[in-house]
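# What the coordinates show
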Amino acid sequence: MSKKAFIFDLDGVIVDTAKYHFLAWQKIASQLGIEFTPEHNEELKGVSRVRSLDIILALGKIEASQEDKNKWLTQKNEDYLSYIEHMDESEILPGVLNVLEFIKEKKQLIALGSASKNARPILEKVKILHLFDAIVDGNDVTNAKPDPEVFLRAAKLVNAKNVNSIVFEDSVAGIQAANVANMTSVGIGDEKILHEAKYNFKDFTFMDTLFIEALMN
């Protein structure tokens, strides 16, 4: 039996760093006199840092020079990094560790496919870096999801065929990327939003080992 590759997104799947992105963006928005709510933050899910800033500036109908934009982008990243500096194992989302350890126990392949440029330090902070056979993050790819580049690279790094790869994602763009790559897509979150996924779970606590084992066959 050929090994399967289980490819995990990071933000919203393994850990919830969205709250830290929100705090960092909210600080910038507040400086500019823009009200930035959690609802607005949803619009930034899976969106690049540059595009996120443009969306926030549009909310406040603010036009800015590239110099100012660069300054705010740098500040946002520095604030975000200061927040994640304090992350630990308690930040791993419910049920995730059990699933990762079960896959490892069954000697299957585990990879990360994330747009985050801070993926490695985050995995180190929450002490699960050692569980991954390969990591592809925002430093390794040029195309954002729904382009499948991040997942294709991850599968290639662990020598797995696309059809033998299973992707866990919490965003529509991520599910679409997995489907385009001809990989099995598993949506983590709201089924109504992630309806394009082959399988859906509210979170990993709803996923039993029988389901994971079935994916291995």
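Predicted model, so just to flag it, every value in this text is computed and none were measured.

## Here's the deal with the overall build of the protein chain
Counting its secondary structure elements, the protein chain contains nine helices and six strands. Relative to a compact globule of 217 residues, whose C-alpha radius of gyration would be 17 Å, the protein chain shows 18 Å and is just as compact. Dimensions along the principal axes, computed over C-alpha positions, put the protein chain at roughly 55 × 35 × 30 Å. Considering the protein chain as a whole, with its 217 residues, one finds that 48% of them fall into the buried category. For the protein chain, contacts bridging at least 24 residues in sequence account for 60% of all contacts bridging at least 6. Of the accessible surface of the protein chain, which amounts to about 11,100 Å², a share of 50% is contributed by carbon and sulfur atoms. Computing the positive centroid from 25 side-chain charges and the negative centroid from 33, the protein chain places the two 5 Å apart.

## Things to note about helix 7 (residues 149-157)
Of all the residues in helix 7, the buried ones are E149, V150, F151, A154 and A155. Structurally, helix 7 contributes buried residues whose contacts are with strand 1 (5-8), strand 2 (109-113), strand 3 (134-136), strand 4 (165-169) and helix 8 (172-180). Of the residues flanking the end of helix 7, it is N159, one or two places downstream, whose phi is positive at about 55 degrees.

## Some thoughts on the packing of helix 3 (residues 49-59) against helix 4 (residues 66-84)
For the pair helix 3 and helix 4, the least separation of the axes is 11 Å and the interaxial angle reads 110 degrees. With respect to helix 4, the axis of helix 3 lies roughly perpendicular. Seen along the crossing, helix 3 lies across helix 4 with a hand that is right-handed. Contacts between helix 3 and helix 4 pair R49, V50, L53, D54 and L57 from the former with K69, W72, L73, K76 and N77 from the latter. Each residue belonging to the contact of helix 3 with helix 4 can be placed in one class, and the counts come to five nonpolar, one polar and four charged.

## Some details on the side chain of N118
Along the chain, N118 turns up in the loop between strand 2 and helix 6 (119-125). N118 sits in the buried class, given a relative accessible area of 13%.

## Here we look at the nonpolar core
Nonpolar side chains tend to gather and get buried jointly when the protein is soluble and globular. Formed by 38 residues in total, the largest nonpolar core has its most connected members in F8, I14, F132, F168, M207 and I212. Of all the elements, helix 5 (residues 96-105) adds the most residues to this core, at five residues. Setting aside chain neighbours within four positions, we find I212 in contact with F6, V99, F102, I103, F168 and M207. Listed in part, the 18 residues of the second largest apolar core include V141, V150, A160 and A178.

## Thoughts on helix 3
Of the positions making up helix 3, those classed as buried are S52, L53, I55, I56 and L57. Elements that come into contact with the buried residues of helix 3 comprise helix 1 (18-31) and helix 4.

Rules used throughout
- Residues numbered from 1 in each chain as written.
- Predicted model: local features only at pLDDT ≥ 70, side-chain atom pairs only at ≥ 80, totals over all residues.
- Heavy atoms only, no water.
- Helix = DSSP H or I, 4+ residues; strand = E, 2+ residues; numbered from the N terminus.
- Rg over C-alpha atoms; globule rule 2.2 N^0.38 Å.
- Buried < 20%, exposed > 50% of the residue type's maximum accessible area, 1.4 Å probe, protein only.
- Contact = heavy atoms within 4.5 Å.
- Areas by Shrake-Rupley, 256 points an atom, 1.4 Å probe, with all protein chains shown as cover.
- Lys, Arg positive; Asp, Glu negative; His and termini not counted.
- Charge placed at Lys NZ, Arg CZ, Asp CG, Glu CD.
- Axes fitted to C-alpha atoms, helices over the stretch in contact; angles between N-to-C directions.
- Parallel < 35°, antiparallel > 145°, perpendicular 65-115°, else oblique.
- Left-handed = near helix turned anticlockwise from the far one by under 90°.
- Nonpolar A, V, L, I, M, F, W, Y, C, P; charged D, E, K, R; others polar.
- Core = buried A, V, L, I, M, F, W, Y, C linked by side-chain atoms within 4.5 Å.

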